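# Coordinates in review
The residues making up each chain are set out below.
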Amino acid sequence: MANAKNPVFLAVDLGAESGRVVAGHFDGEFIALEEVHRFPNGPVDVLGHLHWDVLRLWSDIKVGLAKAAQQYGRHIAGIGLDTWGVDFGLLDANDELLGNPYHYRDSRTDGMMERAFEKLSRGAIFEATGIQFLQLNTLIQLVAMVEARSPALDVAQTLLMMPDLLNFWLTGCKANEFSDVTTSQCYDPRAGTWAYGMLEQLGIPTRMFRDGAGDRIVPPGTVLGTLLPSVMEETGLGAVPVIAPATHDTGSAVAAVPMDPENAIYLSSGTWSLMGVESKVPIINETMLAYNLTNEGGVNGTFRLLKNIMGLWLVQECRREWQRAGEDHDYGEMVEMAAAAPAFGPLIYPGDDRFLAPGDMAPRIQAFCRETGQAVPETKGAILRCALESLALEYRWVAEKLDELTGRRLATIHIIGGGAKNELLDQFAADATGRMVVTGPIEATALGNVLVQAIALGHIDSLSEGREVVARSFELKTFAPRDTAAWDAAYQRYLGIRGES
């Protein structure tokens with residue numbers, strides 16, 4: 001338990017499937033995490049459109065803070081909040097929310113990248129932002145609103161990314177934090193401001209991004225203020241400072257990776273697989289554009305040169321589909337099914353657009369295999385093995401591109417996040433890439449959130465020191481590559497599936 005010398009930092013961590021309030025205990029040498037409150041999250045279908053239930057999330061955050069107040073009271077030193085990227089809320093002139101924020105998987109963005117390219121070329125957009133093209137990006141969502149002549153754009157005065165909206169409700173401070181802003185494809189990393197010229201060319205109102213003080217973009221580690229009196233009264237907390245960590249969850253997760261940033265690849269494994277390297281500057285060139293890699297913001301002004309990969313969403317959606325049919329398999333059982341299935345069967349390209357939307361994932365995997373002239377996986381185990389082997393081979397493709405872009409062989413892959421618990425996929429990643437894989441910490445996002453708070457408030461001196469704290473506080477596992485010749489053969493077949501041979 002905490003005492004006056006052992007501060008408690010509360011990490012509010014919202015993911016695409018669930019949210020949590022986690023207490024981080026720091027005694028000067030070690031960090032320990034304790035879950036205070038967990039609650040579900042996911043899309044809500046309203047008249048055929050997917051939204052986030054943001055008011056229920058807000059209510060659950062306050063429930064978690066109230067529980068933490070009862071457990072830790074005056075020992076709570078700070079609060080930090082992180083979420084997924086790209087999604088946002090719009091406020092009117094009275095700072096009231098204009099409708100439920102859309103979910104990034106909503107179909108309104110179908111075909112909208114092509115509409116954007118009619119106004120501004122793919123190359124020009126990448127040159128302005130350095131961001132990977134995905135139809136779920138904030139920019140493409142805004143293009144969809146322009147094309148639909150959304151009345152919200154006529155009255156919106158402020159755009160706040162999802163974590164920044166919730167931080168505004170906590171503190172009354174309207175600011176967008178750097179790491180989440182960079183996921184939007186609306187930010188110019190060279191100029192360090194919103195990409196105003198590009199936004200104007202696409203017909204997107206730029207007043208939403210400005211106020212009298214400028215761009216409202218703040219770096220990770222910014223103290224936004226203390227809790228509003230109404231929040232203090234409802235939760236029982238005092239005037240606790242709220243710190244913007246890397247509010248994009250992957251930014252927080254990468255901050256906690258106990259790695260040598262010069263020689264390692266990180267892989268944040270969950271609903272998405274975010275795979276990349278830490279860079280001191282954004283890399284914006286034709287090669288990055290050709291490979292559709294991205295430059296997202298990190299801690300200490302760094303950039304996360306990475307690839308967004310359709311991750312364990314493939315498995316999660318199969319599980320939900322089978323649950324709806326009355327067959328409930330936990331993830332451990334599903335891993336066992338995949339392990340028992342024949343190796344090196346049919347493969348899919350995880351980045352195919354058909355896999356983006358929720359529902360009917362197993363039939364879509366089967367359809368992809370059928371359409372590409374492969375044997376169709378019929379059993380659950382074969383479907384799951386197809387997804388996991390394909391993911392591992394996509395990891396190899398990305399690792400090779402990162403080697404090329406950095407000019408060096410990156411010998412180690414650090415896998416963090418909940419997906420690191422899938423030891424079958426961890427071993428596949430080592431085998432497919434021919435590189436050493438180190439897994440852990442599992443709770444990297446909450447840890448990175450806590451680390452940035454501790455640095456901001458002077459309890460830890462630097463990010464490198466914080467990563468040393470993580471390394472001694474949590475057990476790491478190592479997976480050495482095996483049977484690489486068989487994976488080499490599978491990779492050549494995968495390149496054909498990917499359309500590269």
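Before reading on, note that the structure itself is shown above.
Residues numbered from 1 in each chain as written. Predicted model: local features only at pLDDT ≥ 70, side-chain atom pairs only at ≥ 80, totals over all residues. Heavy atoms only, no water.

### Focus on the overall build of the chain
From N to C terminus, the chain includes 19 helices and 21 strands. Expected size for 501 residues packed as a compact globule is a radius of gyration near 23 Å; at 22 Å, the chain falls within 12% of this value. For the chain, the C-alpha atoms occupy an extent of roughly 60 × 55 × 50 Å along the three principal directions. The burial tally for the chain puts 61% of its 501 residues in the buried class. If you sum the accessible surface of the chain, you get close to 18300 Å²; carbon and sulfur atoms cover 51% of it. Across the chain, the mean location of the 41 positive side-chain charges is 1 Å away from that of the 64 negative side-chain charges. (Helix = DSSP H or I, 4+ residues; strand = E, 2+ residues; numbered from the N terminus. Rg over C-alpha atoms; globule rule 2.2 N^0.38 Å. Buried < 20%, exposed > 50% of the residue type's maximum accessible area, 1.4 Å probe, protein only. Areas by Shrake-Rupley, 256 points an atom, 1.4 Å probe, with all protein chains shown as cover. Lys, Arg positive; Asp, Glu negative; His and termini not counted. Charge placed at Lys NZ, Arg CZ, Asp CG, Glu CD.)

### Things to note about the pairing of strand 6 (residues 76-82)
Along any regular strand, the residues point their side chains to alternate faces of the sheet. Of all seven residues making up strand 6, seven are buried, and the element is well covered by its neighbours. Where strand 1 (residues 8-14) and strand 6 come together, six bridges link them in parallel fashion. Bridged to Asp13 within strand 6 is Asp82. Bridge count between strand 6 and strand 14 (residues 241-244): two bridges; the pairing is parallel. Considered in strand 14, the bridge of Gly80 is made with Ile243. (Pairing = 2+ DSSP bridges.)

### Comments concerning the sheet that holds strand 3 (residues 31-40)
The strand order across the open sheet built from six strands is 3-2-1-6-14-13, with neighbouring strands paired in mixed fashion. Each having just a single partner strand, strand 3 and strand 13 (222-226) make up the two edges of the open sheet. Along the sheet, successive strands turn relative to each other by an average axial angle of 25 degrees, direction set aside. In terms of strand pairing, strand 13 meets strand 14 through four bridges, oriented antiparallel. Within the sheet, the bridge partner assigned to Gly225 lies in strand 14 and is Val242. Strands in contact with helix 1 (residues 54-72) are strand 1, strand 2 (18-26), strand 3 and strand 6; relative to strand 3, the strand with the most contacts, it is inclined by about 140 degrees. Where helix 17 (residues 444-456) meets the sheet, it contacts strand 1, strand 2, strand 3, strand 6 and strand 14, and its direction lies at approximately 135 degrees from that of strand 1. (Axes fitted to C-alpha atoms, helices over the stretch in contact; angles between N-to-C directions. Contact = heavy atoms within 4.5 Å.)

### Things to note about the nonpolar core
It is characteristic of soluble globular proteins that their nonpolar side chains tend to be buried jointly. Within the largest apolar cluster, 166 residues are counted, with the highest numbers of intra-cluster contacts made by Leu142, Ile204 and Phe209. Top contributing element to this core by residue count: helix 15 (residues 380-406), with 14 residues. Residues in contact with Leu142, not counting those within four places in the same chain, are Phe88, Leu153, Leu159, Cys186, Ile204, Met208 and Phe209. Counting five residues, the second-largest nonpolar core is a separate cluster that includes Ala246, Ala255, Val452 and Leu463. (Core = buried A, V, L, I, M, F, W, Y, C linked by side-chain atoms within 4.5 Å.)

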